[in-house]
Amino acid sequence: MKKLSIFEVAYKSLLRKKTRSLLTILGIAMAAWVLVSLFGFNRGYEASLNKDIDNLGFQMLIVAKGCPYEAATLMLKGGTGLKYMNESIAASVAAEPEVEGVTPMLMQVVFDPNKGESGGLAAYLGVDPVSFPKMKSALPFKAGGWFTEPEAAEAVFGYEAAELEQREVGDLYLIPEKEIEVKVVGILERTGTQDDGTIFLPIRTVQKIFGIRELTSIGIKVKHEADMKAFEDKLYKLPDVQVVSLSQVKTTIMTLVSTARVMVFSIALIAILIAMMGVINTVLMSVMERRQEIGILKSMGAMAGDIFRLVWIETIILCIGGGLIGTSLALLTARLTDVLVRGFLPYSPSGGLVAIDAGLVLMTLGVVTAIGLASGIYPSWKAARMRPLDTIRSEEES
Amino acid sequence: MSASTVPAIEAQHLRRVYRRGPEEIAAVDDISLTIDRGSFTSIVGPSGSGKTTLINVLGCLDNPSSGTLSLGGRVVFENGQGLSEARLTRIRRDAFGYIFQKFFLVPTLTVLENVVLPFTFFKKPGADEDVFRLLKTLGIDRRADHLPGQLSGGEMQRVAIARALVNKPDILLADEPTGNLDTARSEEIGSILQELNVREGLTVILVTHNLRLAALAQRTIELRDGKIAAA
């Protein structure tokens, strides 16, 4: 004769009040959802930011003097309201002993009437065909290749830029306002960085087309052994330029994000506490409603420890059930969370903002199980202490 | 004394006193009795006479305030020395099966699952071999897969009896088992208890208001104000 396991008894006890059990599970699921999404965002954002920064290939950037946040944005995503600096600065920086290499850049923006329904901005990044690829850890091509000459009328499209403009290698591309055509010689693979949306041209070509001999930024690769702080201070002595180190940018952005994160952590903590209270309330109510039955179980031979275990397992089933639903919801809605969070943040890296992996799922399930264990202690203790005599008295006391 | 002549229960000068403020109420007042193995004893008396308190003390659901209680010749309580809840549980699961006025079945477990529920916590060796025979004896074998909500009151009480007997107790304690049943179902349950006593040799102690049911027992003890009025 097969005996019922204590898990089966606990599970079937929860089926008695299905709606109540379900609502409790949903409470836990919400807390787990918030927890997974939050930690997933934390990991995803940092990983994407690191990827964006690593992909730039340089550790420092010199821009014309202005707002540091604008400079950071310019460096990471491109921007308007451009300020210029003299080309000779690149040569003088390159001469510094701490420098491994520099790459001058010129960004230009024009209004493209054919973009979208009512037109939009089209940005071009002029890069040095020789030094720019050297900075990059990788520059993978989906089709074609890099520029053939330093002043060639050629363009290399990022993956998304090519999709958006519907261009292939060999096509001609007309630069709006300037009415100059360049030939598409390469299309990059998708990298998940801002390069995907960028149209690259040789810097001399951009200077020629737009009639500007200056630069918007200079990327600097510093030697490993160099003292970054001392070098940064040295660069500040250059007139009318601003130095942005990538660690500084990263710290600035992560500080901004951390502030929001602390708030969301507080909310998550409150959600967890509310869920815990919900679990305690549900299980305690269930115990009080089943006092007589618990008394019968004790008269049948169940020890206090058995009753404690039974009620504790009920609590853990509720919490693990909620945890599984919550983590599944977080996985299913990761993309939506990504879009929503992107709408709220002043700057978002180009990669995925929410990174949920098996480790995070297991950690969350561990947390909700711990919640279950903690929440179950009081109701289980209360149930275990019940004396059969106090609970199973007949309706009519003789 | 041979094993067969050792009484199932022997109580001497049992008292169970409750306090209500300064007042002391003796629900069981100096009761001495012997319950023989394989006997069927009914306990009757008006409300408040101490029937339930007595059966609770005899069934180790409660500690007496004073007196001595022996089960199968083994002294369990002596001179009002109370036992811990864990000790009481161990004694209960070895010796007793209980049925009450209410059936206390788990509504989400089937009849069979309710009957074998005690095995989840404690199983006497070989206790599980006769479960289907027990269901058949009690006439609920065809209802094994039904939920309690699909049963009549009489059937639910039979399930409760099966659950009480599944671990092969020496003594079945029945506290107003027909209190929730109509006359026909009450007589059915009475017959079942009598049959279990006669055919299986089970010691049965029945607390009831129902004199027709009490008359099925070989011996009737009448209580009044916590004392034995007639035996």
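Being a predicted model, the structure only gives us computed values, none of them experimental. (Residues numbered from 1 in each chain as written. Chains lettered and ligands numbered in written order. Predicted model: local features only at pLDDT ≥ 70, side-chain atom pairs only at ≥ 80, totals over all residues.)

As for the overall build of chain B
Within chain B one finds seven helices and 10 strands. When burial is assessed residue by residue, chain B has 49% of its 231 residues classed as buried. By sequence separation, contacts in chain B at least 24 residues apart represent 69% of the contacts at least 6 residues apart. (Helix = DSSP H or I, 4+ residues; strand = E, 2+ residues; numbered from the N terminus. Buried ≥ 20, exposed ≤ 12 C-beta atoms within 10 Å, placed from the backbone. Contact = placed C-beta atoms within 7 Å.)

As for the sheet that holds strand β6 (residues 96-99) of chain B
Residue and element names in this part refer to chain B. Strands sit in the order β6-β7-β8-β3-β9-β10 across an open sheet of six strands; the sheet is mixed. The strands lining the two open edges of the sheet, one partner per strand, are β6 and β10 (227-230). When the angles between neighbouring strand axes are averaged without regard to direction, this sheet yields 25°. For strand β7 (residues 171-175) and strand β8 (residues 203-207), the ladder comprises five bridges, and the chain directions are parallel. Residue pairing in the sheet places Leu173 in a bridge with Ile205 of β8. Helix α5 (residues 153-165) contacts β6 and β7 of the sheet and is inclined by roughly 165° relative to β6. (Pairing = 2+ DSSP bridges. Axes fitted to C-alpha atoms, helices over the stretch in contact; angles between N-to-C directions.)

A few points about the interface of chain B and chain A
Each partner contributes residues to the interface: chain B has 39 residues there, and chain A has 30 residues. Those elements giving two or more residues to the side of chain B that touches chain A turn out to be α1 (51-58), α2 (85-95) and α3 (111-121) of chain B. No other element matches α3(B), which puts seven residues into the side of chain B that touches chain A.

Details of the sheet that holds strand β5 (residues 74-77) of chain B
Residue and element names in this part refer to chain B. Across the sheet, which stays open at both edges, the four strands sit in the order β2-β1-β4-β5 with antiparallel pairing between neighbours. A single partner strand is all that each edge strand has here, and the edge strands are β2 (23-35) and β5. When the angles between neighbouring strand axes are averaged without regard to direction, this sheet yields 30°. Note that strand β4 (residues 66-71) and β5 share three bridges and pair antiparallel. Considered in β5, the bridge of Leu71 is made with Arg74.

Section: the packing of helix α11 (residues 304-332) of chain A against helix α13 (residues 358-385) of chain A
All names here are of chain A. The interhelical angle for the contact between α11 and α13, taken along N-to-C directions, is 150°, at an axis separation of 7 Å. It follows that α11 is roughly antiparallel to α13 by the angle criterion. Read as a crossing pair, α11 and α13 show a hand that is right-handed. Here the residues of the contact of α11 with α13 sort into 18 nonpolar, 10 polar and one charged. (Parallel < 35°, antiparallel > 145°, perpendicular 65-115°, else oblique. Left-handed = near helix turned anticlockwise from the far one by under 90°. Nonpolar A, V, L, I, M, F, W, Y, C, P; charged D, E, K, R; others polar.)

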